[in-house]
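The primary structure of each chain is shown beneath.
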Amino acid sequence: MSAVGTVAQLAYKLVTVPQATPQAFCNVIKLGTFCRTVVWPILPSLAFYQYIRRTDIDYFTLEVLYYKSGSKDYKAFYDTSRVGGSGHWRLQQDLEAIRAAANPE
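Residues numbered from 1 in each chain as written. Predicted model: local features only at pLDDT ≥ 70, side-chain atom pairs only at ≥ 80, totals over all residues. Heavy atoms only, no water.

Caption draft 1: Up close: the overall build of the protein. The helix and strand inventory of the protein stands at three helices and zero strands. Going from N to C terminus, the protein has its helices and strands arranged as α-α-α. C-alpha atoms of the protein, sized along the principal axes, occupy 70 × 40 × 25 Å. A total of 105 residues make up the protein; the buried ones form 8% of that total. Within the protein, residue pairs in contact and separated by at least 24 positions form 11% of the contacts whose partners lie at least 6 positions apart. Here the protein has roughly 9,000 Å² of accessible surface; of this, 68% comes from carbon and sulfur atoms. Looking at the protein, you have 11 positive and 8 negative side-chain charges, and the mean spots of the two groups are 16 Å apart. (Helix = DSSP H or I, 4+ residues; strand = E, 2+ residues; numbered from the N terminus. Buried < 20%, exposed > 50% of the residue type's maximum accessible area, 1.4 Å probe, protein only. Contact = heavy atoms within 4.5 Å. Areas by Shrake-Rupley, 256 points an atom, 1.4 Å probe, with all protein chains shown as cover. Lys, Arg positive; Asp, Glu negative; His and termini not counted. Charge placed at Lys NZ, Arg CZ, Asp CG, Glu CD.)

Now the structure itself:
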């Protein structure tokens, strides 16, 4: 338990020591200003870009699977009439497995 206290003290010193001198205090202010004006505005847009790319790759894979299967029934792969994101063929399969386990016949 004393190790947790030691780690907490070290973390506190890591945050407070850079403010020990006036020059270091100014550097902390400059770093904070840089983070607020450059880093934080970039993070949401970068996260949104990653989300779009991941979704785009998933749908591209779905289209390739549909094309290579030779099927003409697109709803077997992605049913647009299903609620939310449950139209994806893997989610349909998982939901069917859950339904079958929950309602044994």
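Caption draft 2: Expanded view of helix H2 (residues 22-69). For H2, with 48 residues, the first-to-last C-alpha span of 68 Å sits near the 70 Å given by 1.5 Å per residue. The largest bend in H2 is about 40°, located at Cys35. Looking one or two residues beyond H2, the residue adopting positive phi is Gly70, at roughly 80°. (Expected span 1.5 Å × (residues − 1). Bend = angle between axes of the 7 residues up to and from the residue.)

Caption draft 3: Molecular detail of the pattern of salt bridges. Scanning all chains against the criterion turns up two salt bridges. When the shortest N-O distance is used, the salt bridge between Arg53 and Asp56 registers 3.3 Å. Taken together, the positions of Arg53 and Asp56, both in helix H2 and three residues apart, correspond to about one turn of that helix. When its relative accessible area of 36% is taken as the criterion, Arg53 is described as partly exposed. On the accessibility criterion, Asp56 (42% relative accessible area) is partly exposed. (Salt bridge = Lys/Arg side-chain N within 4 Å of Asp/Glu carboxyl O.)

Caption draft 4: Structural detail: a nonpolar patch on the surface. A grouping of Leu31, Phe34, Val38, Val39, Trp40, Ile42, Leu43, Leu46 and Tyr49 is seen on the molecular surface, where their side chains present a nonpolar patch of about 850 Å² in accessible area. For Leu46, a relative accessible area of 43% puts it in the partly exposed group. (Patch = residues over 30% accessible without salt bridge, like charges linked within 9 Å, V, L, I, M, F, W, Y side chains within 5 Å.)

Caption draft 5: Main features of the state of the cysteines. Scanning all chains against the criterion turns up zero disulfides. Free of any disulfide, Cys26 has its nearest neighbouring cysteine sulfur in Cys35, separated by 16 Å. When its relative accessible area of 37% is taken as the criterion, Cys26 is described as partly exposed. Among the residues examined, Cys35 registers a relative accessible area of 26% and is labelled partly exposed. (Disulfide = S-S within 2.5 Å.)

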